[in-house]
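# Tertiary structure, described
Below are the chains, spelled out letter by letter.
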Amino acid sequence: MARENQDVQDNIPTSTADAPSAAKQPAPVTKGTDSQAVLKRLQSELMALMMGGDPGISAFPEGDNIFCWRGTITGSKDTVYEGTIYKLSLVFPTDYPFKPPKVKFDTICFHPNVDLSGNICLDILQDKWSSAYDVRTILLSIQSLLGEPNNDSPLNTQAAALWSNQEEFRKMVEKLYKPT
């Protein structure tokens, strides 16, 4: 019993100089732990996405970088985007899922909520972000946005103005659409 107590005492710092402090620990150790959590989360999301089988969406890391993904969305049936396939880039911050990824269209997309550079105006990618969202949710939301734009917050005013005339809008989508 005396030896067990000695073992416990050997593991207790005898002064504050021996105790690790937050200020003394190097930042990369903490950051590495955070990066490991993000890595595990992204790997888990990748597996769920691959196993989920949601029609019309997919995403995979680009090369060996788990923080940069390439996504694909197909235009939904019975919308002006039916038959189109769009490529997107997703870049995850090191504090994901507490901050949203940066998502952009790589394929030109004529849409009220997508600008000419591919930036997307979607509330869940900005002020309505929640750590409960995942890649699947993001892709499904963007796919849904294609057929149901928010014309109250357009990034592309020409597309927003033309949206009410679906026949003309479809012609513009077909004219500008260039698969990558």
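Cut-off values and rules
- Residues numbered from 1 in each chain as written.
- Predicted model: local features only at pLDDT ≥ 70, side-chain atom pairs only at ≥ 80, totals over all residues.
- Heavy atoms only, no water.
- Pairing = 2+ DSSP bridges.
- Helix = DSSP H or I, 4+ residues; strand = E, 2+ residues; numbered from the N terminus.
- UniProt positions renumbered as here; feature names shortened; annotations may be inferred.
- Buried < 20%, exposed > 50% of the residue type's maximum accessible area, 1.4 Å probe, protein only.
- Contact = heavy atoms within 4.5 Å.
- Core = buried A, V, L, I, M, F, W, Y, C linked by side-chain atoms within 4.5 Å.
- Expected span 1.5 Å × (residues − 1).
- Arc of directions from axis to C-beta.
- Phe/Tyr/Trp six-rings, centres within 6.5 Å; stacked < 30°, edge-to-face > 60°.
- Polar contact = N/O pair within 3.5 Å; in protein donor to acceptor, adjacent residues only side chain to side chain.

Pairing of strand β1 (residues 57–62) with strand β2 (residues 65–74), which is carried by six bridges, proceeds in the antiparallel orientation. Bridge pairing in β2 links E62 to N65. The loop that links β1 with its antiparallel partner β2 comprises two residues; one of these, G63, has a positive phi angle of about 60 degrees.

Below, the discussion takes up the UniProt feature "active site" (unreviewed entry) in the chain. The UniProt entry lists C121 under the feature "active site" (unreviewed entry), expressed in the numbering used here. Of the residues examined, C121 reaches a relative accessible area of 17% and is grouped as buried. When neighbours within four sequence positions are excluded, C121 is seen to be in contact with N113, Q126, L145, S153 and L155.

This brings us to the nonpolar core. Among the nonpolar cores identified, the biggest contains 38 residues, and W69, Y81, F105, I120, V135 and I142 are the most heavily contacted of them. Elements with a minimum of two residues in this core: α2 (27–52), β1, β2, β3 (85–91), β4 (102–105), α3 (135–147) and α5 (166–176). If one sorts the elements of this core by residue count, α3 sits on top with six residues.

Glancing now at α3. With 13 residues, α3 should cover 18 Å at 1.5 Å per step; its first-to-last C-alpha distance of 19 Å lies within 8% of that length. Among the residues of α3, V135, I138, L139, I142, Q143, L145 and L146 are the ones counted as buried. Buried residues of α3, viewed axially, fall in a sector of 160 degrees; they line one side.

A few words now on the packing of aromatic side chains. All chains considered together, the criterion is met by 10 aromatic pairs. With centroids separated by 5.6 Å and ring planes inclined at 90 degrees, the aromatic side chains of Y86 and F105 adopt a geometry described as edge-to-face. With Y86 in strand β3 and F105 in strand β4, this pair connects stretches of sequence that are 19 residues apart. For the pair Y86 and F105, one class covers both residues: buried. When the ring of W163 is compared with that of F169, the centres are 4.8 Å apart and the planes differ by 85 degrees; the resulting orientation is edge-to-face. Take W163: its relative accessible area is 16%, and that puts it in the buried class. An aromatic cluster of three or more residues is present, and its members are Y81, Y86, F105, F110, W163, F169 and Y177.

Positionally, T107 belongs in the loop between β4 and α3. In this structure the side chain of T107 is engaged in a polar contact, spanning 2.9 Å, whose partner is the backbone nitrogen of K87.

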